[in-house]
Structure formats: structure tokens, C-alpha cells
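Tertiary structure, described
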Amino acid sequence: MSYHFQPDRSQYPQKKADGTLDIDLASGKYLKLWQGPQHPGITGNMSVELTVCGDEVVEGKTHVGYLHRGFEKLMERRTFIQCFPIVCRVCVPEPDFNEYCYAAAVEELAGIESPERANWIRTLILEMGRINSYLMYLGGQAGSFGMGVIGQWTTYARDLMLDRFEELTGARIYHMFILPGGVRDGLPEGFEKRMEETLLEIESTLGDVYDVMFCNAVFKKRAVGVGFIDPELIDPYGVTGPNARAAGVASDVRKDQPYLVYPELDFEPVIGQDSDIYARADVRRRDTLVSIDLVRQMLAKMPRTGPLMAKIPNVLHWKIPRGETYIRGECSRGEYGYYLVTDGSGYPRRVNVRGPSYTHAVALLERLIVNLDIADVAGLMVSLHTYPPEIER
Amino acid sequence: MQKLYAKLNKLFPLGELTCQRENLAFVTVSREHLRSVLLHLRDLEGFRHLVLLTAVDWIEEGAFQLTYLLSDRTEGRDIGLRVMLSREDAAMETIHDIWPTAATYQRELREMFGIDFPDSPGVNEEFVLEGWVDIPPNRRDFDTKKFAEENFGQRPGRETRDPANHMKEQLYPDGA
């Protein structure tokens, strides 16, 4: 079944001759309402300036900048190895894609190839991070519709995965594990058994989440048919990841441009059809199950011996010839990429982080938010799965 | 990529092709031909996804490089179009009518590099910065350290070290 958004639901506001909205705040018909930056229904440090007419949103504007730390500028004054520990800080809930994309871009421009065993461990880390990110999302999505308990369950399950990260990398949030040339270490002893226990627990939690959230009449009533992304908007608005896959577009970098060891793994991208909040949540739930399967496949197949690091130059004098490249990966929110430009010196000339939220949280959100009820704004924002630090870097 | 380049080169004057990988190449396009090349690639060659639009400051050469990275998701290939602009008169035609999401990139470039995109929606509105009066901060001639020292005080009693010297001292304590 497909749900189509009715663009003429609202009679207001009328448009002026130049096409802009005719909003006269003094008329008393409209009201400005700020959702965020301090609001339980906001996805991180951003805010949406809403213009409402009664209960209905007639215009929304995304405001970012509350978490601008200037990473791209900072990196221009740091050596290639000094950039490595700061890139992960661009995205808190799933930092590993920054490490992987940055490392792969440096390796490509420097002509270094990371060892096969390191590539397996990199892929394992990325999939573990994806599971974490999805668990966090499911809690947030349920919470935006008033089901606080789901967030407590998924936070518990995520915490178990953070334990696995801790024993593998030594850190729970910022792992700083995937560095140019390879990875820092191999798997600890007994890791497979403990990971299997964690995966079983996460599967069990996801079963409970399915029963309580996805079969819940209130969640269905509020999420089905709301926040519809027309498949025709996918390309013009740069929509990627689960947001595109829930609209029936089989866009997954892991399949389209396979990287690391994905060609050796057996999986199919999860596709939805209805392109509403419910469909996006369901795509992400099923994608978590795919990631769990991928982790099991990798632990069964990965080599246990072999080098973990390629030979890299002395990091204090590491200069990379002039060049430019773009490395992308499929993170839990869509296409994540690093555009790296080098000029032959010991510092990057330019690093540009392409986070999926850049397009989802600004142009797409501002379009989808029109004609929504105020109460559904939080649900829509969470369903786009945006992280503001990727926008302002 | 070579085939595509040969085809494009017949229609538009292009710079030399840099094949970075089998499925990624960069090519320089003149400012006046960019729009036609973008439309050609989008409508006839399947490059429908604008991956990013960003700038690189080549201050020594007095130029900004704009990079339009397009992706053909069906074939799994990418092409980066480079447009060189003079740093003195940094302005470029907007492409928000081709990709609406480009307006966000252009607004950020206006703020961070001072490159103007006349007629792009909201291009002069603040994006990340608030009340910024200095030169655009992502330009190479903006001195981050000086700005930080002038605007933010050091915490009393804090010892600072030059990272390069500190690493050298740690790695080679005998000064070798």
C-alpha cells in the first residue's frame, strides 16, 4: 500500500506574486515557534524555526551552528597522523566511518594498501557501529511518539555492544582504532563467544521492540502515512541510505560501490516501499538484523593471523604528493564520505566531510515539514536520522 | 571514464582528466561551461546525484577551486568537476534549480569562503556562524590561532606545548 501526501491540505499561507509565502505575523493568524536547541523532540544540537497556523506547520527553517567546532579548518593545520584522533569526533553515535573514510583517503593518496586482516577488522567495527547507531535511533523514534520504555531497552542492548567495543578498542565511544595504514590491534581472546552472547541479547531486544513498538496501534496510527518522501525527491535532494531505501530505491554503497570486504559477504540491502516514518523505522530494524548476520559471517570467515598495519612513513615527516580523492561508505544514515585534497606538504590542504544529515536535515526536512502537525515534527525529524555535527563540522 | 571524457570533450572544452580510481575521475571545466556540463551529465549520462559541492583555497595561486562531485549510482562511478575562480572576484552561478539541495552548500560556501552565488535562496543568511565580522574563516589567510588568542583567554596555570616538538621529545629523548 502506498500513501500519498496531499499538498493542498492547507489553505494557508497564500503565496505572493514572487512565489514567497505571504505570512503576516501581525495578523495574529500565524505564530513563530522554536523547536530546539533545547527540546526533547530535537535530534541533537540544532533547532527548527516553525511558523504555525493553529496546529499546522506552514514553514520550517533549520538552524545549525550550536556545535560548530571547525574540524575541517583544524585539520588543515595538523599533520596527517594528528588528524586521525580528531576525525571520530565529527559524529558521536557512529564515529568509525570518519576514521575509515579518512584513513582510506590518506592511504589512497599516499599509495598505501592496508592489510587484508585489517580490512576484515575495519568492516567488523563499522558493522558493530551500525548496530549501535540503529539501536539508538529506535529508542529515539519510539520516544518521539511517547514510548519511553523502548529507549531504555535499546540503550541496554547498545551498552552491551559498547562493552564489546571497549574490549576490542579500549574505548566505548571514540574508538580511534582505524588509523591510516591499518588497525591498532587484533581480536582479543574469547571475543567471538562474548560477541555471540551480545548478538543474541540484541536479537531478543529487537524482538521485544517489534512486538511493543511496531505492532503498537498508537505508533502505527501516528507513523503510517506521515513524513512521506516522494521517490522523485531522492536524486534532487541527495537522499541516501535507509531514507532512500524505505522509498523503494535500492541505494546502498556497500552494494553499489563495494569497499573493504563487503564483496565477500552475503547480504541484500533492505528495501521498503511506503516511504513514511513507519517504513523508515522498519527498514532500520531489519537492517540491524542484517548487520547482526554480517558480524556473524565476518567472525566465521576472517583471518586470525597476518599483519594488522602496512608500513607507513615516519609520521613526523609524512608528506603526501598533490592530489585529491573522495572515499565513501554506507553508514547507518546514508552515504558518508571524505573529500581529501593534498598539496605535497605534510598537512592536508582541504578535508571536507560529507555527512548524510547535510542534505536530510536542511533541504529535505524543510520541505517535508510543511503541513505537518506540531506534534509530528519530532517524529519526522528523528525518522530522517540526522546528526547535526555532520552539518557544521 | 576515458570514454565519457572523450564524449564530453567533443561537446565542451575541458581540462585534462585525472583518473584517481577506476570509478573516480576529476576534470577542470571553465566557469561558463559548468552549467551545460552539469545538465548534460545529469540528464544524459546518469549522474543524477550531487554528492557534494565544496571549495579549496589555493591562496598561492590566487584562486579558489570549486569541486562539484557527481555520482552515477547505477553504474557506480563518480566524476568531480573543478572550476577555478579568482580569489579577488569570487562569485559563481547558482545551481539550486538543478539540485535544490545545492542551496545549502552555496550558503555555506558564502559564509565560510566568501564565494558569492547570486540568486541562490538564502545565500546571505547566516548558516553556522552568528554575528561574524572577520574574513571568512575557511580561507587560508584566516589565522585561527590568532583569532583564538584574541578572543578566548588561556586557563591560568595551563602549560602549552608545540605538538611537533612535544612528539619529537617523546620519541627521541636524547635529541637524535
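Residues numbered from 1 in each chain as written. Chains lettered and ligands numbered in written order. Predicted model: local features only at pLDDT ≥ 70, side-chain atom pairs only at ≥ 80, totals over all residues.

Cys101, Tyr102, Ala105, Tyr338 and Val377 of chain A are the most contacted members of the largest nonpolar core, which has 138 residues in total. The greatest single-element share of this core, amounting to 14 residues, is contributed by helix 4 (residues 116-144) of chain A. (Core = buried A, V, L, I, M, F, W, Y, C linked by C-beta atoms within 7 Å. Buried ≥ 20, exposed ≤ 12 C-beta atoms within 10 Å, placed from the backbone. Helix = DSSP H or I, 4+ residues; strand = E, 2+ residues; numbered from the N terminus.)

Helix-helix packing is characterised by the crossing angle of the two axes and by the distance between the axes. Residues and elements named next belong to chain A. One way to put it is that helix 4 packs onto helix 12 (residues 374-383) with a least axis distance of 8 Å and a crossing angle of 165 degrees. When the axis of helix 4 is compared with that of helix 12, the two are roughly antiparallel. Viewed along their axes, helix 4 and helix 12 form a crossing whose handedness is left-handed. Residues Gly140, Gln141 and Ser144 of helix 4 pack against Ala378, Gly379, Val382 and Ser383 of helix 12. When its residues are assigned to classes, the contact of helix 4 with helix 12 shows two nonpolar, five polar and no charged. (Axes fitted to C-alpha atoms, helices over the stretch in contact; angles between N-to-C directions. Parallel < 35°, antiparallel > 145°, perpendicular 65-115°, else oblique. Left-handed = near helix turned anticlockwise from the far one by under 90°. Contact = placed C-beta atoms within 7 Å. Nonpolar A, V, L, I, M, F, W, Y, C, P; charged D, E, K, R; others polar.)

Right, let's talk about the sheet that holds strand 7 (residues 334-342) of chain A for a bit. Residue and element names in this part refer to chain A. Across the sheet, three strands lie side by side as 6-7-8; this open sheet has antiparallel pairing. Two strands in the sheet have a free side with no partner beyond their single neighbour: strand 6 (323-331) and strand 8 (348-354). Averaged over all adjacent pairs, the angle separating strand axes in this sheet is 10 degrees, with direction ignored. As defined by bridge partners, strand 7 adjoins strand 8 across six bridges and the pair is classed as antiparallel. By the bridge assignment, tyrosine 339 is partnered in strand 8 with asparagine 352. (Pairing = 2+ DSSP bridges.)

What follows is about the interface of chain A and chain B. Counting residues at the interface gives 30 residues for chain A, matched by 31 residues for chain B. Partitioned by chemical class, the residues of the side of chain A that touches chain B number ten nonpolar, ten polar and ten charged.

This next bit is on the confidence of the model for chain B. Residues and elements named next belong to chain B. For chain B, the average pLDDT comes to 89, and 99% of its residues sit at 70 or higher. Model confidence for chain B, summarised as mean pLDDT per element, is weakest for helix 1 (residues 2-11) at 85 and strongest for strand 4 (residues 63-72) at 94. As scored by the predictor, the complex reaches a pTM of 0.90 and an ipTM of 0.88. (pLDDT = per-residue confidence, 0-100.)

The next subject is the sheet that holds strand 3 (residues 49-58) of chain B. Residue and element names in this part refer to chain B. Across the sheet, which stays open at both edges, the five strands sit in the order 1-2-5-4-3 with mixed pairing between neighbours. This sheet does not close on itself; its edge strands, each paired only once, are strand 1 (14-21) and strand 3. Each strand of the sheet is rotated relative to its neighbour by a mean of 20 degrees, with strand direction disregarded. Pairing of strand 3 with strand 4, which is carried by nine bridges, proceeds in the antiparallel orientation.

Residues and elements named next belong to chain B. In this sheet, strand 2 (residues 24-29) lies alongside strand 1 in antiparallel orientation, the contact comprising five bridges. Pairing of cysteine 19 across the sheet is with alanine 25, part of strand 2. Hairpin connection, strand 1 to strand 2: the antiparallel pair is bridged by two residues. As paired elements, strand 2 and strand 5 (residues 77-86) share five bridges and run parallel to each other. If you follow phenylalanine 26 over to strand 5, its bridge partner there is glycine 80.

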